Each structure stands twice: as structure tokens, then as C-alpha cells.
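# Reading the structure
Below are the chains, spelled out letter by letter.
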Amino acid sequence: MLGRTGLDVSLVSLGTGGPSGFGQSRGATSEEQYALVHGALDMGINFFDTAAGYRKSEELLGQTLKDVPRDKYILASKCSLTTSFQDYSDFLPAERIVEQCEQSLARLGLDVIDVYQLHGVHPDYYQETVERFYPVLDKLRDQGKIRFLGITETFQVDPSHKMLEHAVPGGLWDTIMVKYGILNQTAAHRLLPLCIEHDVGVLNMATVRVALATPEALTNLVADWIEKGFLTPNDLPTDDPLGWLVDDVSPNVVAASYKFGAEPPAISTVLTGTANLEHLRENVEAILGPGLPEEKKQRLAYVLGHIADGGV
Ligand SMILES: NC(=O)c1ccc[n+]([C@@H]2O[C@H](COP(=O)([O-])OP(=O)(O)OC[C@H]3O[C@@H](n4cnc5c(N)ncnc54)[C@H](OP(=O)(O)O)[C@@H]3O)[C@@H](O)[C@H]2O)c1
């Protein structure tokens, strides 16, 4: 259940941003995108996430969904708040949100967006963001163009979730989007319990991203964390640092990572940003299959649970 929205979402959902960007990064064809979305629906996935800022994702996703009855899926999108992702203080005028929403609806070919989210809110500008944009969002909701309101963090600058920890108790947001995973466990300390307390739906994004899907990136990250003093050289093997997670229930580190990301009861859905249908099948199997063994979860929490690093 997606918090107080009452929307019944699948535990696995499909994201069209991130490194794969719905296949745009590798030039996927529209037939592949169609097969991905319809394969997802066939597997029981009913939640799709996109954004005005994900290149052509909204339009491409809309095309794949146009022959699907509207009550068979839940659509989340996001508006951009600033002129660029580099300058978090250079806000767009509030009326640009209305324009963006109407453009998103047109690109998606929809009358209503189920969950409309503010994309990547910086902790230093939360108050200003609310004052500037909330009245417009409220109006769009009254007009029936959007149903529920969400807010997403920018994990590169706010790995300890300051913005969301402040936002959730305020009661304005029906959903949040957070990065929670093996390498980003800090949401479990305060944020996820707050979401349960306030009945806020939790979309888990980027739980695998690059470091957990690329062995070389993981080795480099662990070396970096040893250098920064976040880990001691004895905490993890320097070669294949998370290889010990592979066992009968997890065929590889990616599978173990998606399992980990789906585990907390506060998490309504895990967004997987794959553009590969076979990977999507594997991810569904991993998340719906048995969880990680207790002693492995304890080791992950003991060794990595304290680290809040935006460089992942
Ligand atoms: N602030 C925000 O609002 C924000 C930020 C980030 C993400 N998001 C949303 O969250 C969604 C998910 O995040 P994400 O895409 O960054 O991260 P993700 O799902 O953690 O990771 C996606 C990456 O993992 C690879 N991958 C997935 N399954 C795999 C498998 N079974 N085997 C090998 N590689 C695999 C994908 O490549 P392949 O395509 O090759 O499988 C892709 O490069 C995004 O699509 C977006 O909708 C929102």
C-alpha cells in the first residue's frame, strides 16, 4: 500500500530515469521499450515512474501505455524546480510548474498523473520550495490534474536524508522517494520509522545504481571508503567486497541488493531502473524470492550501516 494514498502498488516497480533512462542511454528501440513495459505488466508490475527531466522518457513511456486500460497502472512523474540540476537556488517561477504539468500530461497522453513529485529537493531550500510551489501543486490537485503529491531527495547532496526527515512530519506529502540500499542504509535509522508513523508511501530509488551493478566501481568505492576512514581494511575483502552475499538465494550481488532494498516494511515499492527485460525478470524473482539470510543482513548493518556518502 502506498501510504495514505490507498493505492495498491506492486512491490517491484519500473523507473525510467537513472543510468539506463528507459533504454535511451543505449539507443533502445521503441519495440524494446514496449516489450519491457508490457513484460512488466505481465509480471504484475503496476507502478511506473518518470519525470519531465528524464530526456524523452515521458513521451516514450506514454506511447507504450496508450493501449493499456488506465485502471491497470499507476503513473508517477516529477516536475523540475530549478533551471538546472547544478544550481539548486535558481528556482523556476511557480507558474512554470503548471506548464510543466500540462506538458507532462500531453507527453504521457493522460488526463491525470497519479503521483506528482517535486524532483530532487535540496535540504537548504526545502522551506523556500514549499512556499514557492506548494500553492500551485494544491491548485493542480483541486483541478484534478494530479491525484497525490510526492517529494524526492537528491541523494548526491543529502545522503543522510535531512530534507525528507524534515518534510515527512509536516504532513504535506503523500509519498517520498528515497535511496535505501546496501550502500545507503541510513534511512532505516529515522526516516523509514517516520514514514510508518505518518502513513507516507515510500518509493525506494537507485538501490543498485552503479556501484552494486559494476564490480570495478564497487572495488573502487570500498578502497575510497577505507581511505576516508568509513571502513577499516579488515571490514570487507578488497577483491570482490560483497562476493560473500552470493549463495543459494542470491545468484549475484545485484539480486542480493534488490532483496535488501525491498526488505523494510516501510518501503511500498522498489523502483528498478532496468531497461533490460531479462534483468527485470531477475529483479522480480530476487525481490519476491526468499530474503537475505539473517547473519548476512547483520554483517551488512554492522559494517556499512553507519555510512552516509553521496558519492555512491
Ligand atoms: N531524485 C530522484 O527523483 C531520482 C533519482 C534517481 C532515480 N530515480 C528513479 O528511480 C528509478 C530507479 O533508480 P536507478 O535507475 O537509478 O537505479 P537502480 O534500479 O538501482 O539501478 C539501475 C541500474 O542497474 C542496472 N541493473 C538493473 N538490474 C540489473 C540486473 N539484474 N543485472 C545487471 N544490472 C542491472 C541497470 O542496467 P540495465 O538497464 O542494463 O539493467 C541500471 O544501470 C529511476 O529509474 C528513476 O525512475 C529518481
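Data block above holds the structure.
## What about the site of the ligand?
Near the ligand you find 30 residues, and of these S20, D49, G273, T274 and H279 are the closest. Residue R209 places a side-chain N or O atom 2.7 Å away from an oxygen atom belonging to the ligand. Its free accessible area being 900 Å², the ligand has 88% of it covered by the protein chains. When residues of the shell around the ligand are traced back to their parent elements, those giving at least two are β5 (146-153), α8 (253-262), β8 (269-272) and α9 (277-288).

## Thoughts on unusual backbone geometry
Even without being a glycine, F22 presents a positive backbone phi close to 60 degrees. Here F22 falls in the buried class, since its relative accessible area comes to 1%. Located in the positive-phi region is D199, a residue other than glycine, with phi close to 55 degrees. Assignment of secondary structure puts D199 in the loop between α6 (191-197) and β7 (201-205).

## Details of the side chain of H122
Note that H122 resides in the loop between β4 (113-121) and α4 (126-142). Within the local environment of H122, its side chain forms a polar contact with the backbone nitrogen of D124, the two atoms lying 2.9 Å apart. H122 has contacts with Y88, T154, V157 and M163, leaving out every residue within four places of it along the chain.

## Details of the environment of G150
By secondary structure assignment, the location of G150 is in strand β5. Those residues within four positions of G150 in sequence are excluded, and the remaining contacts are V115, Y116, Q117, L118, W173 and T175.

## Focus: the sheet that holds β7
As summarised here, the arrangement of the eight strands in space is β1-β2-β3-β4-β5-β6-β7-β8, forming a closed barrel in which the pairing is parallel. In this sheet, neighbouring strand axes are inclined to one another by 30 degrees on average, regardless of whether the strands run parallel or antiparallel. With two bridges connecting them, strand β1 (residues 12-15) and strand β2 (residues 47-49) associate as parallel partners. In the strand pairing of β2, G15 is matched with D49.

## Looking at the pattern of salt bridges
With the rule as written, the count across this model stands at 17 salt bridges. Here K228 and D309 are joined by a salt bridge, their closest N and O atoms 3.9 Å apart. Of the two residues, K228 is situated in helix α7 (residues 215-228) and D309 in the segment after α10 (294-304); the sequence distance between them amounts to 81 residues. Note on D309: relative accessible area 11%, which makes it buried. Where K297 meets E294, a salt bridge forms, and the shortest distance between an N and an O atom there is 3.3 Å. Here E294 and K297 lie together in helix α10, a separation of three residues that amounts to about one turn.

## Thoughts on the state of the cysteines
Inspection of every chain in the model, using the stated rule, returns zero disulfides. Take C79: it sits in no disulfide, and the sulfur closest to it among the cysteines is that of C101, at 7.9 Å. On the basis of relative accessible area, C101 is assigned to the buried category, the value being 0%.

## Let's talk about the packing of helix α2 (residues 57-65) against helix α3 (residues 95-108)
Two elements in contact, α2 and α3, have axes separated by 7 Å at closest approach and are oriented at 40 degrees. By the criterion of interaxial angle, the relationship of α2 to α3 is oblique. Residues E58, E59 and G62 of α2 form the contact with α3, whose own contacting residues are S104, R107 and L108. Here the contact of α2 with α3 is composed, by residue class, of one nonpolar, two polar and three charged.

## Topic: the packing of aromatic side chains
For the coordinates displayed, the defined rule picks out six aromatic pairs. Their ring planes at 85 degrees and their centres at 6.0 Å tell us that F91 and Y125 sit as a pair that is edge-to-face. Linking F91 in the loop between β3 (74-79) and α3 with Y125 in the loop between β4 and α4, this pair joins segments that are 34 residues apart in sequence. Residue classification places F91 among the buried positions, given a relative accessible area of 11%. Under the relative-accessibility criterion, Y125 is labelled partly exposed at 25%.

## A word on the environment of P19
Mapping P19 onto the fold places it in the loop between β1 and α1 (30-42). Counting along the chain gives 255 residues from P19 to T274, while the straight-line C-alpha distance between them is 8.7 Å. Beyond its immediate chain neighbours, meaning those up to four positions away, P19 contacts S25, R209 and V210.

## So, the pairing of β7
By the criterion of burial, β7 is predominantly enclosed, with five of the five residues buried. Burial along β7 is two-sided: the residues G201, L203 and M205 and V202 and N204 are all buried. Alignment of strand β6 (residues 175-179) against β7, held across five bridges, turns out to be parallel. Each residue of the ladder has a partner; that of T175, found in β7, is G201. At this point the chain moves from β6, through α6, to the parallel β7, and the crossover so formed is right-handed. The pairing of β7 with β8 spans two bridges and is parallel.

Rules behind the numbers
- Residues numbered from 1 in each chain as written.
- Predicted model: local features only at pLDDT ≥ 70, side-chain atom pairs only at ≥ 80, totals over all residues.
- Heavy atoms only, no water.
- Near = heavy atom within 4 Å.
- Polar contact = N/O pair within 3.5 Å; in protein donor to acceptor, adjacent residues only side chain to side chain.
- Areas by Shrake-Rupley, 256 points an atom, 1.4 Å probe, with all protein chains shown as cover.
- Helix = DSSP H or I, 4+ residues; strand = E, 2+ residues; numbered from the N terminus.
- Buried < 20%, exposed > 50% of the residue type's maximum accessible area, 1.4 Å probe, protein only.
- Contact = heavy atoms within 4.5 Å.
- Pairing = 2+ DSSP bridges.
- Axes fitted to C-alpha atoms, helices over the stretch in contact; angles between N-to-C directions.
- Salt bridge = Lys/Arg side-chain N within 4 Å of Asp/Glu carboxyl O.
- Disulfide = S-S within 2.5 Å.
- Parallel < 35°, antiparallel > 145°, perpendicular 65-115°, else oblique.
- Nonpolar A, V, L, I, M, F, W, Y, C, P; charged D, E, K, R; others polar.
- Phe/Tyr/Trp six-rings, centres within 6.5 Å; stacked < 30°, edge-to-face > 60°.
- Right-handed = clockwise from strand over helix to strand, strands pointing away.

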